[in-house]
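# Examination of the molecular architecture
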Amino acid sequence: MAGVFFAFSTFVMNALARLQPTQGIAAMQSINITVINPLFMTAFLGTGVACMILLISLLLNRHQPSAVYLLAGSLLYIFGTFGVTIIFNVPLNKALAIANPDSTDGVKLWTSYLTNWTFWNHIRTAAALAASALLTIALRY
């Protein structure tokens, strides 16, 4: 997931910002529809479920050497990636979904969308990367 978010943060959103607003809006609206597919949703939600299972297992095995890494990595993914998506990125996507790309309001929304969505995506990227690193360190133990 860190890789997907990283791609959006480093070049996808920049490429969309270079398009005319009507084209950028239409492209992002299409992306937001096509991202809801079994492969992406399994990776995104499945990682969240795996982190929840890790947290539950830590209740029984909290004294294991990897517990701190598992706890921190799981919480980072759940709150920093999944939580940020639900609280910030999804509402922005819903607002963009109903925007008329040819309207003045649509263009204004697009300008703020680019800034806000990308900011929260940077947060998701950092959280997913840190969670991945922490969970990988936990494997060492």
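Across its 37 residues, helix α5 (residues 104–140) extends 54 Å between first and last C-alpha, which sits within 8% of the 54 Å expected from 1.5 Å per residue. A maximum bend of about 30 degrees is found in α5 at Y113.

What follows deals with helix α3 (residues 38–60). Here α3 is 23 residues long and its end C-alpha atoms lie 32 Å apart, about the 33 Å a rise of 1.5 Å per residue gives. When α3 is considered as a whole, its buried residues turn out to be F40, F44, G48, C51, L55 and L58. Contact partners of the buried residues in α3: α1 (2–18), α4 (67–97) and α5.

Another aspect to go through is the layout of surface pockets. When its volume is computed, the largest pocket comes out at roughly 440 Å³. Counting residues per element, the lining of the largest pocket draws most heavily on α4, which supplies seven residues. Here the lining of the largest pocket is built from residues that sort into 14 nonpolar, five polar and two charged.

For the rest of this paragraph, the subject is the packing of helix α2 (residues 21–34) against α5. Across the interface, α2 lies against α5 with an axial gap of 10 Å and an inter-helix angle of 60 degrees. It follows from the interaxial angle that α2 and α5 lie oblique. Helix-helix and strand crossings are classified by hand; for α2 and α5 the assignment is left-handed. Residues P21, G24, I25, M28 and N32 of α2 pack against G106, V107, W110, Y113 and W117 of α5. Of the residues assigned to the contact of α2 with α5, the class counts are seven nonpolar, three polar and no charged.

This part takes up the confidence of the model for the chain. Taken residue by residue, the chain gives an average pLDDT of 96. The fraction at 70 or more is 100%. Element-level pLDDT for the chain is lowest in α3, with a mean of 96, against a maximum mean of 98 in α4.

This part takes up the packing of aromatic side chains. To describe a pair of aromatic rings, you give the distance between the ring centres and the angle between the ring planes. Enumeration over the complete set of coordinates arrives at nine aromatic pairs. Between the aromatic rings of Y69 and Y141, the centroid separation amounts to 5.7 Å while the plane-to-plane angle is 10 degrees, which identifies the pairing as stacked. One end of the pair, Y69, is in helix α4; the other, Y141, is in the segment after α5, and 72 residues separate them in sequence. A relative accessible area of 25% means that Y69 is categorised as partly exposed. Judged by relative accessible area, which is 48%, Y141 ranks as partly exposed.

Here the focus is the nonpolar core. Judged by nonpolar contacts, the single largest core of 14 residues is most densely connected at F44, L58 and Y77. Among the elements of the structure, α1, α3, α4 and α5 are those that each provide at least two residues to this core. Take this core: its biggest share by element is five residues, from α3. Leaving out residues up to four positions away in the same chain, F44 has contacts with M1, F5, Y77, T81, F82 and T85. Core analysis: the second largest hydrophobic core is formed by 13 residues, V12, M13, L114 and W117 among them.

Rules and cut-offs
Residues numbered from 1 in each chain as written. Predicted model: local features only at pLDDT ≥ 70, side-chain atom pairs only at ≥ 80, totals over all residues. Heavy atoms only, no water. Helix = DSSP H or I, 4+ residues; strand = E, 2+ residues; numbered from the N terminus. Expected span 1.5 Å × (residues − 1). Bend = angle between axes of the 7 residues up to and from the residue. Buried < 20%, exposed > 50% of the residue type's maximum accessible area, 1.4 Å probe, protein only. Contact = heavy atoms within 4.5 Å. 1 Å grid on protein atoms, 1.4 Å probe; cavity = no way out; pocket = protein on both sides within 12 Å on 5 of 7 lines; lining within 4 Å. Points joined across faces, edges and corners; volume = space filled by probe spheres on them. Nonpolar A, V, L, I, M, F, W, Y, C, P; charged D, E, K, R; others polar. Axes fitted to C-alpha atoms, helices over the stretch in contact; angles between N-to-C directions. Parallel < 35°, antiparallel > 145°, perpendicular 65-115°, else oblique. Left-handed = near helix turned anticlockwise from the far one by under 90°. pLDDT = per-residue confidence, 0-100. Phe/Tyr/Trp six-rings, centres within 6.5 Å; stacked < 30°, edge-to-face > 60°. Core = buried A, V, L, I, M, F, W, Y, C linked by side-chain atoms within 4.5 Å.

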